[in-house]
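Next come the chains, spelled out residue by residue.
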Amino acid sequence: MDGELRPAVVVFGQAGRDLVLPIDELPQPGTSAVVHTHSEVLGGKGANQAVSFARLGIRVALVAVLGDDRAGDEALARARADGIDVSCVVRRADTVTGLIVEILDREHRWRYFEDLPEAVQLTQTDVEAAGDLLVRADAAVIQLQQPAAACLAAATMARKAGCRVVLDGAPQPDHRRALLENAHVLRADGHEAELLTGRRIRGVQDAVRAADELLANGPEVVALAVEGKGNLVACPQGHVFYPLDDAQTVDTTGAGDAFVAALTTALVLGEAPREAGRWAVAASALTVEHVGGRPRMTAETLRARLAAAPDPGRFSTEGTKK
């Protein structure tokens, strides 16, 4: 693969099928409900992020596991059509491709039903086979829902290759310290931040204190969600809080994946953390406005959203010194 065609970002994570079923309300046992429409698409956090990168104009490769069934054939074909490098997507023999069913009610509340057997999780061997991609990449995004040994292998290899290492989620206790030490960027939602720090994240100051603790353990940029309030982005130079905007929320599925992809894209393109946070929040807002986690944003729609977004103000340095 020559330099012009190399991926700028390698995503390590889940790929499979997403089946989205919007209904009015959950039926009582022994009864049924009308599904207004349905869609079955390429999904999983890894695939969603890879699609986001591709739609933002970033060259991207996906490292994930699909089964050797027809669903895996269709998912792989869709990823190729999306412009994703799938050369290191593993087709696991005698394995059924993962499935996530989303039930979305009229109050925009989702429930997931997941069939993600161990066989569709990444192994250390799967990760090591993607080493050539990392040599040619600028950043690696690692979803920490994958087994800890595979995540650590990806982070260690990416760091050694000179990639920006972006962790998404809460590292499992196994290898947690080593993962954080290898990370340049950490993104976590409120629950994940609580798992990482043991702190309740009920407001902005709780998030600031949690971010301080996480910055002291290795990452250079920490992005934390404050549920129902917004997002905090922190680095040694300071922090900035981005309140939730007036997006018309239809479905929050995929919002975090869009956030990570846009944050990473901005950083890869040389933007400062404060501006990268604006990109991430705008991408997330675009995603919650439609049903399902499959991204629809483009570089053009993201720029338009940024142009309309308020400036969150200057970095505050309170509480974020290392």
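One can find the structure itself at the top, above this paragraph.
Parameters at a glance
- Residues numbered from 1 in each chain as written.
- Predicted model: local features only at pLDDT ≥ 70, side-chain atom pairs only at ≥ 80, totals over all residues.
- Heavy atoms only, no water.
- Helix = DSSP H or I, 4+ residues; strand = E, 2+ residues; numbered from the N terminus.
- Buried < 20%, exposed > 50% of the residue type's maximum accessible area, 1.4 Å probe, protein only.
- Contact = heavy atoms within 4.5 Å.
- Lys, Arg positive; Asp, Glu negative; His and termini not counted.
- Charge placed at Lys NZ, Arg CZ, Asp CG, Glu CD.
- Axes fitted to C-alpha atoms, helices over the stretch in contact; angles between N-to-C directions.
- Parallel < 35°, antiparallel > 145°, perpendicular 65-115°, else oblique.
- Left-handed = near helix turned anticlockwise from the far one by under 90°.
- Nonpolar A, V, L, I, M, F, W, Y, C, P; charged D, E, K, R; others polar.
- Salt bridge = Lys/Arg side-chain N within 4 Å of Asp/Glu carboxyl O.
- Pairing = 2+ DSSP bridges.

Trainee: Quick question: what am I supposed to make of the overall build of the protein here?
Mentor: Within the protein, the secondary structure is distributed over eleven helices and 14 strands. Principal axes of the C-alpha set define a box for the protein whose edges measure 55 × 45 × 40 Å. Buried residues in the protein amount to 54% of all 322 residues. In the protein, 67% of the contacts between residues at least 6 apart in sequence involve partners at least 24 apart. Charge centroids of the protein, computed over 34 positive and 44 negative side chains, lie 5 Å from each other.

Trainee: Looking at this model, I keep getting lost on the packing of helix α10 (residues 273-287) against helix α11 (residues 299-308). Mind explaining?
Mentor: Geometry of a packed helix pair, given as the angle between the helix axes and the separation of the axes. The N-to-C vectors of α10 and α11 enclose an angle of 110°; their axes lie 9 Å apart at closest approach. For the element pair α10 / α11, the angle class is roughly perpendicular. Note that α10 runs across α11; the crossing there is right-handed. Facing Arg278, Trp279, Ala282, Ala283, Ala285 and Leu286 of α10, the residues of α11 in contact are Thr301, Leu302, Arg305 and Leu306. Counted by class, the contact of α10 with α11 contains seven nonpolar, one polar and two charged residues.

Trainee: Just checking my understanding: could you explain the pattern of salt bridges for this structure?
Mentor: Between side chains of opposite charge, pairing is possible as soon as their charged atoms come close. Overall, the coordinates contain 19 salt bridges when judged by the stated rule. Measuring nitrogen to oxygen at the nearest pair gives 3.7 Å for the salt bridge that ties arginine 106 to glutamate 25. Linking arginine 106 in the loop between β7 (99-104) and β8 (110-115) with glutamate 25 in the loop between β2 (16-22) and β3 (39-43), this pair joins segments that are 81 residues apart in sequence. Where aspartate 206 meets arginine 202, a salt bridge forms, and the shortest distance between an N and an O atom there is 3.9 Å. Linked through salt bridges whose partners overlap, the residues forming this network are Lys45, Asp168 and Asp257.

Trainee: Would you mind going over the sheet that holds β7 with me for this structure?
Mentor: Consider a sheet: its strands pair through backbone hydrogen bonds, and that pairing is either parallel or antiparallel. Taken in spatial order, the four strands make up an open sheet running β3-β2-β7-β8, and their pairing is mixed. At either end of the open sheet lies a strand with only one pairing partner, and these are β3 and β8. Between one strand axis and the next, the sheet turns through 25° on average, direction left out of account. Across six bridges, the pairing between β7 and β8 is antiparallel.

Trainee: Help me out: how do you make sense of the sheet that holds strand β9 (residues 139-143) in this one?
Mentor: Reading across the sheet, the eight strands line up as β4-β1-β9-β10-β11-β12-β13-β14 and stay open at both edges, with mixed pairing between neighbours. The open sheet has two edge strands, β4 (60-63) and β14 (238-243), and neither has a second partner. Between one strand and the next, the sheet's axes are offset by a mean angle of 15°, whatever the strand orientation. Where strand β1 (residues 9-12) meets β4, four bridges bridge the pair, whose relative direction is parallel.

Trainee: Even after reading the chapter, I still don't get unusual backbone geometry, so can you show me in this structure?
Mentor: Keep in mind that most residues, glycine aside, have a negative phi and that most peptide bonds are trans. In this structure, aspartate 94 is a non-glycine residue whose phi angle is positive, near 55°. By relative accessible area, which is 78% here, aspartate 94 ends up exposed. Phi angles above zero are rare outside glycine, and histidine 175 is one such case at about 70°. Looking at the secondary structure, you find histidine 175 in the loop between β10 (164-168) and α6 (176-182). Histidine 175 gets classed as partly exposed once you look at its relative accessible area, which sits at 37%.

Trainee: Looking at this structure, how should I read the packing of helix α9 (residues 255-268) against α10?
Mentor: For the pair α9 and α10, the least separation of the axes is 7 Å and the interaxial angle reads 150°. Judged on the interaxial angle alone, α10 and α9 are roughly antiparallel. In terms of crossing hand, the pair formed by α9 and α10 is right-handed. Taken together, the residues of α10 that come into contact with α9 (itself represented by Ala255, Ala258, Phe259, Ala262, Leu263, Thr265, Ala266 and Leu267) are Pro273, Ala276, Gly277, Trp279, Ala280, Val281, Ala283, Ser284 and Thr287. Within the contact of α9 with α10, the residues separate by chemical class into 13 nonpolar, four polar and no charged.

Purely spatial values, then, with no claim about function.
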